[in-house]
Amino acid sequence: LQRSQQLKRSAWLAPAPCRLSSGLPVNIGVLFVPQQEAWVVERMGKFHRILEPGLNFLIPLLDRIRYVQSLKEIVINVPEQSAVTLDNVTLQIDGVLYLRVMDPYKASYGVEDPEYAVTQLAQTTMRSELGKLSLDRVFRERESLNANIVDAINQASDYWGIRCLRYEIKDIHVPPRVKESMQMQVEAERRKRAMVLESEGTRESAINVAEGQKQAQILASEAEKAEQINKAAGREANAVLVKARAKAEAIQLLAAALAQQHGSAAASLSVAEQYVSAFSKLAKDSNTLLLPSNTGDVSSMVAQALGIYTSLTKPQAAKTQEEVPSAREDPQPPATEVLKAEEASSS
């Protein structure tokens, strides 16, 4: 049995002439074929049949075992080779190929050395597929690259009775300079991500601070508004009412004072004093002045102001005389006397 296994391995791995000479089982009439093996028998130099696992009978001298094929899955190391990518980068790449003999007849008579043929086909296909991809896509699309190589091998190995189950790339060796540039690119990408994350954190922080300030300002304005409303509804309202009442009482007292004797003369004197005081304050707060044409005639301006006051107080005086005819006993002094008294006091 050990001798049979050794012969089987030598028949598969050795070149075709060696496999055909001395490493094959000898026909003694009764043969036992191991499981997962197929023995190709020729009768008088022509293909006769394939022996199945188990007990088999052959005719000595006429039948000869020509090939021994293993039906197990076979692993073949694809040697390292150089390939040029689409962007002109030279790579050193190797792989592992998984095969299985599906048709012992085609595997025996379709190709001289199946292992060598499939290995060369895998290498050429791998070079062709790598030439279609750039360096970055080679690392990203290893699965699709393996699938394309398997499909290309199966299309050619179908006539050899061999089926490629899968192909795996083991190592991809990049030139040192390209490797350094890739490392620099990775570091730059990581720094970029770190800066982006930091900027996003700064932005989120600024947005949160702005939202907090906005909410604080809104709350402060609402508090100020409520405070003003409370003030308006409370102290200020009371103050306005008190001021209004005080002003009403002052108006009532003024009206009562004007209704008394010589009240009009006192009012005229007060109006003249206010006019002279206002005229004396001109050009103190501003350089732009609007002056009447008779600025130098003070008596005429005072008389004009008294005339305006008299015209306004005549209807009220007439009404008061109708209601109280005896309210005034002494006649009102003329305006000229009041002016003369004011000039004398001022001088």
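Preceding block: the structure.
Presented here is a report on the structure given in the accompanying data block. Once a new chain begins, its residue numbering starts again from 1 and follows that chain's sequence as written. Local features in this predicted model are restricted to residues whose pLDDT is 70 or higher, and side-chain atom pairs enter the listing and the counts only when it is 80 or higher, whereas totals over whole chains, interfaces and linings include all residues. Neither water nor hydrogens contribute to the side-chain values; these are computed over all heavy atoms in the structure.

For the rest of this paragraph, the subject is the overall build of the chain. For helices the rule is a DSSP run of H or I covering at least 4 residues; for strands it is a run of E covering at least 2, with both sets numbered from the N terminus onward. What the chain contains, in helices and strands, is 11 helices and 8 strands. Considering the chain as a whole, with its 347 residues, one finds that 27% of them fall into the buried category. The contacts in the chain between residues at least 6 apart in sequence include a share of 66% that link residues at least 24 apart. The classification of residues rests on relative accessible area computed with a 1.4 Å probe and restricted to protein chains. Under 20% of the type maximum is buried, over 50% is exposed, and intermediate values are partly exposed. Residue contacts follow a heavy-atom distance rule, with two residues in contact if any of their heavy atoms lie within 4.5 Å.

A word on the sheet that holds strand S2 (residues 37-43). Sheet strands associate in pairs through backbone hydrogen bonding, adopting either a parallel or an antiparallel arrangement. If you trace the 3 strands from one edge of the open sheet to the other, you get S3-S2-S5, paired in antiparallel fashion. Every interior strand has two partners, whereas the edge strands, strand S3 (46-51) and strand S5 (63-70), have only one. On average, each strand axis in the sheet is inclined to that of its neighbour by 25°, with strand direction left out of account. Bridge count for S2 against S3 is 5 bridges, and the pairing is antiparallel. Directly across from Val 40, in S3, lies its bridge partner Ile 50. Strand pairing follows a simple DSSP-based rule, namely that at least 2 bridges must link the two strands. Only the stretch in contact is used when fitting a helix axis, every axis being a line fitted to C-alpha atoms; angles between N-to-C directions are given from 0 to 180 degrees.

The next subject is the layout of surface pockets. Throughout, the protein atoms alone are placed on a 1 Å grid, and a set of points is a cavity if a 1.4 Å probe fits but cannot get out or a pocket if it is open with protein on both sides within 12 Å along at least five of seven lines; lining residues have an atom within 4 Å of a point. Grid points are joined across faces, edges and corners, and a volume is the space filled by probe spheres set on the points. Size it by volume and the second largest pocket reaches roughly 240 Å³. What lines the second largest pocket is Asp 136, Phe 139, Arg 140, Met 182, Gln 185, Val 186, Glu 189, Arg 190 and Arg 193. For the lining of the second largest pocket, the elements supplying multiple residues, two or more each, are helix H5 (135-140) and helix H7 (176-233). Broken down by element, the lining of the second largest pocket gets its largest block of residues, 6 residues, from H7. When grouped by side-chain class, the residues that make up the lining of the second largest pocket number 3 nonpolar, 1 polar and 5 charged. For the purposes of this description, domain bounds are those given by an automatic or database domain assignment. Formed jointly, the lining of the second largest pocket draws a minimum of three residues from each of two domains, domain 2 (72-174) and domain 3 (175-260). For this classification, Asp, Glu, Lys and Arg are treated as charged, while Ala, Val, Leu, Ile, Met, Phe, Trp, Tyr, Cys and Pro are nonpolar and the rest, including Gly, are polar.

Right, let's talk about the sheet that holds strand S7 (residues 90-101) for a bit. The strand order across the open sheet formed by 3 strands is S6-S7-S8, and the pairing between neighbours is antiparallel. Pairing within the sheet leaves two strands with one partner each, and these edge strands are strand S6 (73-84) and strand S8 (162-173). Strand-to-strand twist across the sheet, computed as the mean angle between neighbouring axes with direction ignored, equals 20°. Sheet analysis places S7 next to S8, joined by 10 bridges and oriented antiparallel. Looking at the pairing, Val 101 lines up with Ile 162 of S8. Running at roughly 40° to S6, helix H4 (residues 114-130) makes contact with S6, S7 and S8 of the sheet. Helix-sheet contacts for helix H6 (residues 142-157) involve S7 and S8, and the interaxial angle to S8 is about 140°.

With that out of the way, let us pick up a nonpolar patch on the surface. Patch definition: residues above 30% relative accessible area lacking any salt bridge, with like charges linked at up to 9 Å and the nonpolar side chains Val, Leu, Ile, Met, Phe, Trp and Tyr linked at up to 5 Å. Per-residue and other accessible areas were derived by the Shrake-Rupley procedure at a 1.4 Å probe size, with only the shown protein chains allowed to occlude residues. One side-chain nitrogen of Lys or Arg within 4 Å of one carboxyl oxygen of Asp or Glu is enough to make a salt bridge. On the surface, Val 30, Phe 32, Leu 55 and Phe 57 cluster together to form a nonpolar patch covering roughly 430 Å² of accessible area. Among the secondary structure elements, those contributing two or more residues to the nonpolar patch are strand S1 (30-33) and strand S4 (54-57).

Turning our eyes to something else, we now look at the pattern of salt bridges. Inspection of every chain in the model, using the stated rule, returns 8 salt bridges. The salt bridge partner of Asp 63 is Arg 43, with a shortest N-O separation of 2.5 Å. Of this pair, Asp 63 sits in strand S5 while Arg 43 sits in strand S2, and the two are 20 residues apart along the sequence. A residue is classified by how much of its surface remains accessible, and Arg 43, at 28% relative accessible area, is partly exposed. A salt bridge links Glu 141 to Arg 137, with the nearest nitrogen and oxygen atoms 3.2 Å apart. When its relative accessible area of 25% is taken as the criterion, Glu 141 is described as partly exposed.

So yeah, pure geometry; function would need other evidence.
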